[in-house]
Amino acid sequence: MTAAAPPSFPLRWERREPPLPAAAVLALGDAVPALAVAARERLVGGARLGVVAGDGALLVLGAEADLPWADGTRYLGVDAGVLVPTTARPRPAAALWRTAVGAEGDRLCVLLPGHALVADPPPPTTDPAALDPYTGDPAAGGAKSDAPTTDAPTTDAPAAGSAPR
């Protein structure tokens, strides 16, 4: 008797109406320094934000009113414990993808077209200097946006692929 492969489903996205409330903002690549600067300004203004960075990505978590804005970023909302774009719904359900990408327990899980991120949730910070390494400003202690940071691996999500159910 041969073992059957587990069922698999392609990841599809559909428009979500109404949008989810924002719980995080994500920058990838060239958008990282602008988001780091905007988040640092929010921290100076008294906001409490969580920050996860690595592999050319910067994720800022917080209350919707505290989240910064920067060109090229995406706002994310929570769908079944997964951070997804506020205006998109993954199909099959987000909860299935959480399991498929290995986000166990209280781990943070982000899913967007072409990418997935699984990391330990960051503690809230009020220290603006925490964002200096990502601003790209050497005077502020910033390096290039892909400076090594916390363990926050990004992986290619199976945008056109599949994952076990």
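Up top you'll find the structure we're talking about.
Below, the structure is looked at part by part.

Rules of the game
Residues numbered from 1 in each chain as written. Predicted model: local features only at pLDDT ≥ 70, side-chain atom pairs only at ≥ 80, totals over all residues. Heavy atoms only, no water. Helix = DSSP H or I, 4+ residues; strand = E, 2+ residues; numbered from the N terminus. Expected span 1.5 Å × (residues − 1). Contact = heavy atoms within 4.5 Å. Buried < 20%, exposed > 50% of the residue type's maximum accessible area, 1.4 Å probe, protein only. Pairing = 2+ DSSP bridges. Salt bridge = Lys/Arg side-chain N within 4 Å of Asp/Glu carboxyl O. Core = buried A, V, L, I, M, F, W, Y, C linked by side-chain atoms within 4.5 Å.

Quick notes on helix α1 (residues 32-44)
The end-to-end C-alpha separation of α1 is 18 Å, in line with the 18 Å expected for 13 residues at 1.5 Å each. Next to the buried residues of α1 lie β3 (24-28) and β5 (57-61). Trailing α1 by a residue or two, G46 shows a phi angle of about 105°, which is positive.

Observations regarding the pairing of strand β9 (residues 108-112)
Within β9, 5 of the 5 residues are buried, leaving the element largely enclosed by the surrounding structure. Neither face of β9 is left uncovered, since the one carrying L108, V110 and L112 and the one carrying C109 and L111 both have all their residues buried. What sits between β9 and strand β10 (residues 115-119) in their antiparallel hairpin is a turn of 2 residues, with G114 showing a positive phi close to 85°.

Section: the pattern of salt bridges
Under the criterion given, the structure shown has 6 salt bridges. Taking the shortest distance from any N to any O, the salt bridge between E14 and R91 comes out at 3.3 Å. Linking E14 in strand β2 (residues 12-15) with R91 in strand β8 (residues 88-91), this pair joins segments that are 77 residues apart in sequence. Classification of E14 as partly exposed rests on a relative accessible area of 35%. Residue R91 is classed as partly exposed on the basis of its relative accessible area, which comes to 29%. Across the pair D79 and R16 runs a salt bridge whose closest N-O atoms are separated by 2.7 Å. You can see D79 sitting in strand β6 (residues 74-79) and its partner R16 sitting in the loop between β2 and β3, a full 63 residues away along the chain.

Remarks on the nonpolar core
Counting residues in each nonpolar core, the largest one holds 19 residues, and the members touching the most others are L35, L49, L58, V60, L131 and Y134. Contributions of two or more residues to this core are made by β3, α1, β4 (50-54) and β5. Among the elements that make up this core, the one with the highest residue count is α1 (5 residues). For L35, the contacting residues outside a window of four places in its chain are V25, L26, A27, L58, V60, P68, A70 and T73. Counting 12 residues, the second-largest nonpolar core is a separate cluster that includes A24, L61, L76 and V110.

Comments concerning the environment of T99
Its location among the elements puts T99 in helix α2 (residues 94-100). Judged by relative accessible area, T99 falls into the exposed class, the value being 65%. Through-space distance from the C-alpha of T99 to that of C109 is 9.6 Å; in sequence the pair is 10 residues apart.

Let's talk about unusual backbone geometry
That bond from E17 to P18 is cis: its omega, -5°, falls within 30 degrees of zero. If you trace the backbone, P18 turns up in the loop between β2 and β3. Here the amide bond leading from R91 into P92 is cis, since omega sits at 0°, within 30 degrees of zero. Its location among the elements puts P92 in the loop between β8 and α2. Of note in the backbone geometry, D55 takes a positive phi value of approximately 50° without being a glycine. Within the fold, D55 resides in the loop between β4 and β5. Note on D55: relative accessible area 55%, which makes it exposed. A positive phi angle is found at A80, which is not glycine, with a value near 55°.

In short, shape yes, function no, at least from these values alone.
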